[in-house]
Structure formats: structure tokens, C-alpha cells
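# Analysis of the macromolecular model
Here's the letter readout for the chains.
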Amino acid sequence: MSEAPHNLAVLISGNGSNLQALIDACASGTLPNTRVSHVISNRKAAFGLERAAKASIPTTYHNLVPYKKKHPQTSEGTETARQQYDGDLAAIILALEPRPDLIVCAGWMHIVTPSFLTPIANANIKIINLHPALPGEFAGAGAIERAWKAGKDEGLKRTGVMIHEVIAEVDAGEAISTQEVELKEGESLDDLEERIHKVEHGLIVEGTRLTLEGIGKVRDQ
Ligand SMILES: Nc1nc2c(c(=O)[nH]1)N[C@@H](CN(C=O)c1ccc(C(=O)N[C@@H](CCC(=O)O)C(=O)O)cc1)CN2
Ligand SMILES: NCC(=O)N[C@@H]1O[C@H](COP(=O)([O-])[O-])[C@@H](O)[C@H]1O
């Protein structure tokens, strides 16, 4: 009897080229017995939603703005809005049929709080994230440009890409796979970004495969 497929829920905010890499890897068998079962975007205009639709993958648009509008524009109000948004995001994912085995953040530009992390952890669902930097370097948004500037201004010789587990501290979770990317003197930011994106497209598949293998080993015990 064939084994039930691994289901991936992929979180995006933009172009979705890394989502596309996962879709293609599932189709080609590079990610065996695996499918992208749902895509969630926090941005309506994300081209990744079109990529998902083209691949007949169900999608959900989940935006923070309506939550912010319900609360005062204060730090407390914003924090409450983010916690409610994150709690609902977890509820959306936990209600999916089939329930995902793994959540992959692929250009997901939203910092999740324990309101999301805790219910997902309680359901034994791992979350991994693609980040265009090496462990301990350039955490947060704009990592590629920050590395490019460090190369230009401080002589940094290399940056890189990692797939890591998602914890409350941003981009600080255990690294699952990493790949260094050389910084080339005089290279434009666009050219560096292009080289890094190519590395991302391979590493997100590799990191997902390694994580699913680990999940499989745990479940086989
Ligand atoms: N709790 C965690 N949340 C997220 C992690 C993580 O490791 N822990 N990884 C990020 C992805 N990410 C970098 O890889 C990242 C994305 C976005 C931001 C950020 O500053 N976002 C702003 C909004 C930016 C925008 O909407 O344009 C914010 O959330 O206020 C930092 C890091 C995924 N989330
Ligand atoms: N902090 C996370 C982060 O900065 N991720 C960046 O978002 C892009 C998403 O591209 P995509 O939408 O084409 O996959 C990725 O290329 C990655 O560099």
C-alpha cells in the first residue's frame, strides 16, 4: 500500500519563485511523495497566489490590516492585532484538510508570535523558513542588500542562504541547511540577488526534504 503523501503548507508574501521551486520539486519527484497542499499569502497581489492557482493548489489570503483597524493605533493595539491575526492564522492552518505535515515560510514577510507558534507546536507541526543569510548574520528583512553593502563597505567576503527552524526569535532557529555565496567585488545588488535566488531555489527543496525525512524517522519509531 502506498504511503500517504507529505503535505506542505507554504506561506508567501510575494513573487513565489521559491514556492514554484517546491511545486516543481514535488512534480518531478525530487521531493518524493510530497505535495504543496495549501498556500497562504498575507498580500493579495502576491504573484505566488497565481502560481498556486495555476498548479490547482488551494490558497488563502490572510491580511493583517483588518485586525489593525479593529484596534487603537498604539503599540498595545498593534500587538493585540498581531496576536489575534497570528491566532487566526494558526486556526486556519489547523483546520486545513489535509492537515499539513510541515509549514514552509517561502518569502513570508511577517514575524510570527507565540500566538501562532504555540498552537502549531502543540499540533506537532514543524515550521521552517528560507532566509538569505548565514546563521547569526543579517537577521530580518533586507538581508541581501545588507550583505551586499557589507561586502562593498567592510570587505565581507561571503554571505549565504539558510533554511532554519522558526522560533520566536527571528531567524535564530536551528539551521537545517546552509550554503555560502561568495561576494564579488564590484558586483551589482541585482546580480547578487539573482545568484542568491538560484541558491535559494535549490536549498528550499533540500531543506524541506531533510525536514520531512526527520519527521518520517520520528513517525516510524
Ligand atoms: N517569529 C519568527 N517569525 C518569522 C521568522 C522567524 O524566524 N521567527 N522568519 C521570518 C522571515 N523573515 C526572514 O527570514 C522576516 C520576514 C519579515 C520581517 C519583518 O521585519 N517583517 C515586518 C513587516 C515587513 C513587511 O510587511 O514588509 C513585520 O513583521 O513587522 C523580518 C524577518 C518569517 N517570520
Ligand atoms: N527574511 C526572508 C526574506 O527576506 N526572504 C526573501 O524573500 C524572497 C522571496 O522570493 P519569492 O517570493 O520569489 O520566493 C526570497 O528571495 C528571500 O530572499
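Keep in mind that what you see is a predicted model, and the values were worked out from it rather than measured.

## What to know about the packing of helix H1 (residues 17–28) against helix H2 (residues 47–54)
Contact pair H1 / H2: the axes reach a minimum separation of 9 Å and the direction vectors enclose 20°. By the angle between their axes, H1 is roughly parallel relative to H2. Pair H1 / H2 crosses with right-handed handedness. Taken together, the residues of H2 that come into contact with H1 (itself represented by Ser17, Leu19, Gln20 and Ile23) are Gly48, Arg51 and Ala52. A breakdown of the residues in the contact of H1 with H2 according to their chemical character gives three nonpolar, three polar and one charged.

## Considerations on helix H4 (residues 75–94)
End to end, H4 covers 28 Å across 20 residues, agreeing with the expected 28 Å (1.5 Å per residue, within 8%). Within the span of H4, buried status applies to Gly77, Ala81, Tyr85, Asp86, Leu89, Ala90 and Ile93. If you follow the buried residues of H4, they end up packed against strand E1 (6–12), strand E2 (34–41), helix H3 (65–69), strand E4 (102–105) and helix H5 (114–122).

## Some thoughts on the site of ligand 2
Near ligand 2 there are 14 residues, and of these Gly16, Ser17, Asn18, His197 and Glu200 occur at the shortest range. Within the side chain of Ser17, one N or O atom sits 2.5 Å away from an oxygen atom of ligand 2. One nitrogen or oxygen atom from the side chain of His197 is found 3.0 Å from an oxygen atom belonging to ligand 2. Within the complex, the protein chains bury 86% of what would otherwise be the 450 Å² of accessible surface of ligand 2.

## Comments concerning the pattern of salt bridges
Tallying each qualifying case throughout the model produces nine salt bridges. Its salt-bridge partner being Lys126, residue Glu165 comes within 3.0 Å of it at the nearest N-O pair. Taken together, the residues span a long stretch of sequence, with Glu165 in strand E6 (residues 158–165) and Lys126 in strand E5 (residues 126–131) at a distance of 39 residues. Glu165 sits in the partly exposed class, given a relative accessible area of 25%. With a shortest N-O distance of 2.5 Å, Glu213 and Arg209 are connected by a salt bridge. Note that Glu213 and Arg209 are positioned in helix H7 (residues 189–220) at a spacing of four residues, about one turn of the helix. Residue classification places Glu213 among the partly exposed residues on the basis of a relative accessible area of 35%. Through salt bridges with shared partners, a single network forms among Glu137, Arg158 and Glu180.

## Here's the deal with the site of ligand 1
The environment of ligand 1 is made up of 19 residues, and the closest members are Arg43, His110, Val112, Ile167 and Asp171. Contacts to ligand 1 include Arg43, whose side-chain N or O atom sits 2.6 Å from an oxygen atom. Taking Ile111, its main chain carries an N or O atom lying 3.0 Å from an oxygen atom of ligand 1. When residues of the shell around ligand 1 are assigned to their parent elements, the largest contribution, three residues, is made by E5.

## Notes on the UniProt feature "domain: Formyl transferase N-terminal" (unreviewed entry) in the protein
According to UniProt, the positions carrying the feature "domain: Formyl transferase N-terminal" (unreviewed entry) are residues 7–206. Across residues 7–206, helical content stands at 42% and strand content at 22%; the span's end C-alpha atoms are separated by 16 Å.

Calculation rules
- Residues numbered from 1 in each chain as written.
- Chains lettered and ligands numbered in written order.
- Predicted model: local features only at pLDDT ≥ 70, side-chain atom pairs only at ≥ 80, totals over all residues.
- Heavy atoms only, no water.
- Axes fitted to C-alpha atoms, helices over the stretch in contact; angles between N-to-C directions.
- Helix = DSSP H or I, 4+ residues; strand = E, 2+ residues; numbered from the N terminus.
- Parallel < 35°, antiparallel > 145°, perpendicular 65-115°, else oblique.
- Left-handed = near helix turned anticlockwise from the far one by under 90°.
- Contact = heavy atoms within 4.5 Å.
- Nonpolar A, V, L, I, M, F, W, Y, C, P; charged D, E, K, R; others polar.
- Expected span 1.5 Å × (residues − 1).
- Buried < 20%, exposed > 50% of the residue type's maximum accessible area, 1.4 Å probe, protein only.
- Near = heavy atom within 4 Å.
- Polar contact = N/O pair within 3.5 Å; in protein donor to acceptor, adjacent residues only side chain to side chain.
- Areas by Shrake-Rupley, 256 points an atom, 1.4 Å probe, with all protein chains shown as cover.
- Salt bridge = Lys/Arg side-chain N within 4 Å of Asp/Glu carboxyl O.
- UniProt positions renumbered as here; feature names shortened; annotations may be inferred.

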